[in-house]
Amino acid sequence: MLRERWSSPKLWQDVATTIAAFVLAFLVGAILMIVSDTEVRQTYSYFFARPGDAIQASWEKVSSAYSALIKGAIGGWEPITETTAQAAPLICAGLGVGLAFRAGLFNIGAQGQAIWGAILAAYVGFTFHLPPVIHAAVAVAAGIAGGALWGGIVGWLKARTGAHEVIVTIMLNYVAAGMLAYLLTTAAFQRPGRTDPISPIVDWNATLARIEGSRLHFGFLLAIAAAVGYWWVLERSTTGFAIRAVGANPHAAATAGMSVARTTVITMLLAGGLAGLAGVQAALAPSVDGTPVPLSLGLVGSIGFDAITVALLGRSKPLGIVLAGLLFGGLHAGGLAMQSEAQTPLTLTTVLQALIVLFVAAPALVSTLVPFLKARKTKPSTSVPAMEGGLG
């Protein structure tokens, strides 16, 4: 069965379409670089007189930018570990969004869940003084619990009142951000002697361990472990079977005796916990100097929103989400090198992410732009097809 899947023409067509989507995204990105650069654009004013100038200027601009991107993402040990550090929270939050997708739910609230994960993890980190391993474990557990609770509220409202999870999660994002802003003005969270909204420094014992001289820390291993746990829950547990069944057809699942309401609550608890783990990464992961960044209004950034694109690009599959998280982590890490070495706007990496998602999510568009990727029509088989078990 596995050999048949790997040798399936449909699989290889999907792989080729995905590769073509990346190529198209980077081609469009190259055009944007050329158009947005004043010096390169000026060479096109006399293109017909001296076309070589425009071609050379365009090539130098695009090649220097993309070489800086690759160098900043995977061009050595330090760039690779920077990529893993950027990818870890995206993987965790992407798993939270992807798990909800598998249950037919749209978890747009990973941002709020990550914020609460960061709040509780940081609070435990700078308030208590516990032994090294125990302190980090308690802080991580607190952050996961915070995200799970925030996600569980959504599941409970959905199950009890039928409230649409998209509306609820979006509103709870604002509530979480507002509560963080308020907490940072209280004595429990504000750093003594400061009037700006910033917390005390997280205790060293609560910091996620890292390899000396790099950004590779224990949080990346937690993200990989979360992906493995995600796969096991969905593919090897009765809870995962119920999640997939409800996601495929909630009415059929209810007819079969499954509790749709209970599955909804459990799914959002798990999804919120995974997104909370992303917040833990933001609060406890060591920075370049080895200490975590203190809790502040912008600490979580846009992790929860970026996670939606990670889950979509990874097609809600654990391996796909890990690879998508590494891709976006590489784009974040390489984008800094593009900005410093090639004087390319950092926002271009965001445009590249959007283009990649656009092309990957629209295979019909890619097939139209690259006609040889269209599937060939085959004659219908007269044999009875074998039925594959399982859902999803």
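Here, the structure is the one placed above.
This is a predicted model, so every value here is computed, not measured.

Summing up its helical and strand segments, the protein has 16 helices and 0 strands in all. A compact globule built from 392 residues would reach a C-alpha radius of gyration of about 21 Å, and the protein, at 23 Å, matches this within 12%. Out of the 392 residues belonging to the protein, those deemed buried represent 47%. Put simply, of all contacts in the protein between residues at least 6 apart along the chain, 74% involve residues at least 24 apart. Carbon and sulfur atoms form 69% of the exposed surface of the protein, whose accessible area is close to 20000 Å². Across the protein, 23 positive and 17 negative side-chain charges occur, with their mean positions spaced 14 Å apart.

The phi dihedral of Arg 315 falls on the positive side, at around 55°, and the residue is not glycine. Within the secondary structure, Arg 315 sits in the loop between α13 (303-313) and α14 (318-341). Unusually for a residue other than glycine, Ser 316 sits at a positive phi of about 60°. Relative to the elements of secondary structure, Ser 316 occurs in the loop between α13 and α14. A relative accessible area of 7% means that Ser 316 is categorised as buried.

A few words now on the nonpolar core. In a soluble, globular protein the nonpolar side chains are often hidden away together inside. Counting residues in hydrophobic clusters, the biggest one holds 96 residues, and the most contacted among them are Leu 95, Leu 284 and Leu 295. Among residues more than four places away in sequence, those in contact with Leu 95 are Ala 223, Ala 226, Ala 227, Tyr 230, Leu 274, Pro 318 and Ile 321.

What counts, and at which threshold
Residues numbered from 1 in each chain as written. Predicted model: local features only at pLDDT ≥ 70, side-chain atom pairs only at ≥ 80, totals over all residues. Heavy atoms only, no water. Helix = DSSP H or I, 4+ residues; strand = E, 2+ residues; numbered from the N terminus. Rg over C-alpha atoms; globule rule 2.2 N^0.38 Å. Buried < 20%, exposed > 50% of the residue type's maximum accessible area, 1.4 Å probe, protein only. Contact = heavy atoms within 4.5 Å. Areas by Shrake-Rupley, 256 points an atom, 1.4 Å probe, with all protein chains shown as cover. Lys, Arg positive; Asp, Glu negative; His and termini not counted. Charge placed at Lys NZ, Arg CZ, Asp CG, Glu CD. Core = buried A, V, L, I, M, F, W, Y, C linked by side-chain atoms within 4.5 Å.

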